[in-house]
Every structure is written in structure tokens, then in C-alpha cells.
Amino acid sequence: SEIQSPELLEYLEFLDKSVIRLEKFSYQALLITELRTNNTQINIEEVPLADLFNRSNSMFHKVIQSKKIKVLLQNDLSVNVIHGNSELLHICFDYLIDNAVKYSSPGEVVIVKVYPDNECTVCEFIDNGPGFSPYALNKLYGLFSVGDRHIDNNTGLNLALIKLIMEAHRGQIDVSNNQPGGATVKLTFNNQRQALLR
């Protein structure tokens with residue numbers, strides 16, 4: 001028989017969300033441990049930019065649609081692929097697009113901007129949300145730290161994990177607030193160094 005009690009349904013929904021969050025946290029913690037202790041080189045391949053963007057868009061389609069947010073890809077025509085580990089690149093795109101959508105107000109635009117810069121490929125994730133507080137900016141990459149605004153118990157490990165992923169790719173992550181509002185997370189992949197890893 002179907003559950004009719006609204007209170008019980010709400011409780012089951014809460015348990016379901018808790019399980020999902022615990023599973024995500026466990027996966028993040030395991031991956032962080034591997035990246036911090038594993039000295040072997042990661043597998044580098046050509047990952048289609050469209051695949052990275054489209055998968056993340058599909059994954060968060062419901063919340064994007066419910067908030068009437070537009071997620072736009074603006075890429076230089078010379079950049080069709082990113083050299084990196086496919087699984088790790090998907091994690092970066094998923095987390096950063098999810099975070100940008102989560103903190104954007106309804107009707108806003110989230111931009112994923114990809115372009116070449118000398119021997120590098122740059123991916124910028126730009127939102128119009130509240131931005132990072134000064135406290136959060138000082139705690140961005142701290143493992144298990146909890147700040148405010150962009151950093152909460154759902155995303156406290158995300159940027160720490162992405163920093164480790166970028167270090168494994170010999171790249172870097174930069175975070176800044178925009179004027180008059182919003183934030184930009186910038187990932188820089190060094191194509192020249194990555195080529196040596198293949």
C-alpha cells in the first residue's frame with residue numbers, strides 16, 4: 001500500500017536526501033584521500049568540451065528549469081577539447097555548475113567561458129549570486145571547513161577537491177568575486193605540461 005501520511009512522506013524524503021549527501025561525502029572523502037596520497041600519474045585524454053557541459057546541464061536540468069536559469073557555454077572556437085582525466089573533469093564541471101546554479105537567483109544567467117591563454121586552456125564558471133564573503137574566501141580550500149554563502153555543509157569539500165584535481169593536472173584554480181555581484185571560479189589547464197604526461 002502507498003504511504004499517505006504527509007509527515008511520514010516528508011521524513012522519508014529527508015532520509016533519502018541524507019543518504020544521497022552521505023554517499024556524496026564518502027565519495028569525495030575517498031577521492032581526496034586518493035589524490036593526496038597517490039603519486040602515480042593520472043590518465044590524460046582529449047575530453048570533448050561539449051560532453052562535459054551537456055552532461056552537467058542534463059544532471060541539473062530540473063533545478064535549472066525550476067529556477068528559470070540559463071546556463072550558457074561561451075567557448076572560443078579553437079577549444080573543442082580539454083586535455084585531462086575524463087572522470088575528474090566531469091567532477092569539476094558538475095560541482096561548479098551545480099554550485100553556480102544553486103547560488104543564483106531565479107532568472108539569472110550562469111556562464112561557462114572557455115578560451116585559450118598561451119599554452120593553457122582556461123575554464124571560467126561565472127554566476128550572479130551573492131559571491132563569497134571575506135571569511136569564505138579565506139577558507140575555500142580547507143578540508144572539512146564550513147564557511148557561509150557559497151560554502152556550506154553541502155559544498156565545503158567541493159573546492160578543496162577541485163583544487164586537488166587541478167594540482168593533479170598541473171593546473172590551478174582561482175576564485176574571485178565579481179562587481180557588482182557574483183563570483184568567478186577559474187580553472188587553468190597547462191596544455192604543455194599535460195602533453196608530457198601522456
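Shown above is the structure to which this text applies.
A brief report on the enclosed structure follows.

**Overview of the side chain of Asn 178**
Here's step 1: Secondary-structure assignment places Asn 178 in the loop between strand E6 (172–177) and strand E7 (183–190).
Here's step 2: A distance of 2.8 Å separates the side chain of Asn 178 from the side chain of Thr 184, its partner in a polar contact.
Here's step 3: For Asn 178, the contacting residues outside a window of four places in its chain are Ile 126, Asp 127, Ala 183 and Thr 184.

**Details of the sheet that holds E6**
Here's step 1: Pairing is mixed in the open sheet, where five strands are placed in the order E2-E4-E5-E7-E6. Looking at the sheet topology across the chains shown, the edges are occupied by strand E2 (70–75) and E6. Taken pair by pair, the neighbouring strands of this sheet meet at an average axis angle of 15 degrees, ignoring direction.
Here's step 2: In terms of strand pairing, E6 meets E7 through six bridges, oriented antiparallel. Bridged to Val 175 within E7 is Val 185.
Here's step 3: Each of E2 and strand E4 (109–117) touches helix H2 (residues 49–59); the most contacted strand, E2, lies at about 175 degrees to it.

**Considering the nonpolar core**
Here's step 1: Counting 42 residues, the largest nonpolar core has Phe 93, Ile 97, Ile 162 and Leu 187 as the members making the most contacts within it.
Here's step 2: Mapped onto this core, the elements with two or more residues apiece are H2, helix H4 (86–102), E4, strand E5 (120–127), helix H6 (158–168), E6 and E7.
Here's step 3: In this structure, Phe 93 is in contact with Leu 49, Leu 52, Phe 53, Ser 56, Ile 82, Val 112, Cys 123 and Phe 125, ignoring residues within four places of it in sequence.

What counts as what
- Residues numbered from 1 in each chain as written.
- Predicted model: local features only at pLDDT ≥ 70, side-chain atom pairs only at ≥ 80, totals over all residues.
- Heavy atoms only, no water.
- Helix = DSSP H or I, 4+ residues; strand = E, 2+ residues; numbered from the N terminus.
- Polar contact = N/O pair within 3.5 Å; in protein donor to acceptor, adjacent residues only side chain to side chain.
- Contact = heavy atoms within 4.5 Å.
- Pairing = 2+ DSSP bridges.
- Axes fitted to C-alpha atoms, helices over the stretch in contact; angles between N-to-C directions.
- Core = buried A, V, L, I, M, F, W, Y, C linked by side-chain atoms within 4.5 Å.
- Buried < 20%, exposed > 50% of the residue type's maximum accessible area, 1.4 Å probe, protein only.

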